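Topology and contacts: notes
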Amino acid sequence: QWYQRRVAITAGKLRDTEKDIRDIGDYDNPYTYWTYQQLEMVWKNLTNLIRKHGHSVVSEIHRQETVDENRKMFAEYATQIFDQINKLKAECVASDSMYPEEKQSFLQKRQIDVDKVKDQLIILERKMEPQIECLQGNPYTDHNIITLNHEIASLEQLIRTLKAQAHAAFQISGVEPEVLEEIRSSFYHFDRDKSQKLDYQEFNDCLTSLGFHLSEDIATDKKFHAILDIVDTDRSGTVGIEEYVQFMVSRSRTDLFANKRELIESFELLTETGEREYILPKEIYKHLPKKEAKMCIARLPRWTEGGAPPDALDYQAFADELFKLQQPQVDN
């Protein structure tokens, strides 16, 4: 349109000049070698050139306008996809505060959302494929198909890592919140004087109700005393709520692992490097709910080999102690 307006203005001026020349007349002029016939020929050539190339220029301008509109459209969709990716990333990172089993379910749903975003990107790519130049040097966005695919791949890697950590954390925590509540309820049922402690007889009755095959004579029952060696090492005469919960959780944990190596590998996965021989409390708190993390940390002995922060914990020694619970004399 701009080009057509400029041509029309210029053509108008030339027509006015042509009229002035005609009015002057055609005679020999010592100040120019141009004649009216020559000017007329140039004018005809110019008008033919305008007619010939004017349409091409108009077509090129229309093509560039179409490309520009398509670039704006791509930028809009690409920005929407990028925002969805960032939103999913933020949600996945925020899932650290969830219980491990809840986190696994949540991340599975986020993977479904990622698959939907991937479908949107495929549709956009196919739509823009015939107009590939629209994707090159787009002044309306920094995103393109390649960078968006990289962002999706990065998000999927994050989900895989978080799911693996959640799985390992679930194995280490060993029990779901509902099971922990059941364990505490069984304790309070036999804590008849509400002292937050069970004497040995109450503890024996509680274990029996849970399916442990114990003798009523607690003084001579070897199985019962093997359990006391683990639960009440100082033989205080009572078992506190935390001692009881730790014992029951420990037994639940051993059911989740085929062997000690599997438990150790789960701890390794939660360390910052994925293979360190010790673990830090902050790494446990990062992957476990606060109460379960505190319980787990309380059972882990200090790392004594050196070359580690002072609060480093020895999860291999913990695994050694934990799997003692599978010895026959403690089995119910």
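Residues numbered from 1 in each chain as written. Predicted model: local features only at pLDDT ≥ 70, side-chain atom pairs only at ≥ 80, totals over all residues. Heavy atoms only, no water.

Turning next to the side chain of N138. Looking at the element boundaries, N138 is found in the loop between α3 (100-128) and α4 (145-173). Owing to a relative accessible area of 10%, N138 belongs among the buried residues under this scheme. Here R71 takes part through its backbone oxygen, which lies 3.1 Å from a polar atom of the side chain of N138. One polar contact links the side chain of N138 to the main-chain amide nitrogen of Y140, over a distance of 2.9 Å. If we skip the residues at most four places from it in the chain, N138 touches R71, F74 and A75. (Helix = DSSP H or I, 4+ residues; strand = E, 2+ residues; numbered from the N terminus. Buried < 20%, exposed > 50% of the residue type's maximum accessible area, 1.4 Å probe, protein only. Polar contact = N/O pair within 3.5 Å; in protein donor to acceptor, adjacent residues only side chain to side chain. Contact = heavy atoms within 4.5 Å.)

This next bit is on unusual backbone geometry. Of note, the phi angle at K194 is positive, near 55°, even though the residue is not glycine. The residue K194 is located in the loop between α5 (177-190) and β1 (197-199) in this model.

The subject of this paragraph is the confidence of the model for the protein. For the protein, the average pLDDT comes to 79, and 78% of its residues sit at 70 or higher. Across the protein, β1 holds the top mean pLDDT of 90, while helix α1 (residues 2-24) sits lowest at 67. Contacts from residues 325-332, a stretch scored under 50 in pLDDT, to residues over four places away or in other chains number 21 contacts. (pLDDT = per-residue confidence, 0-100.)

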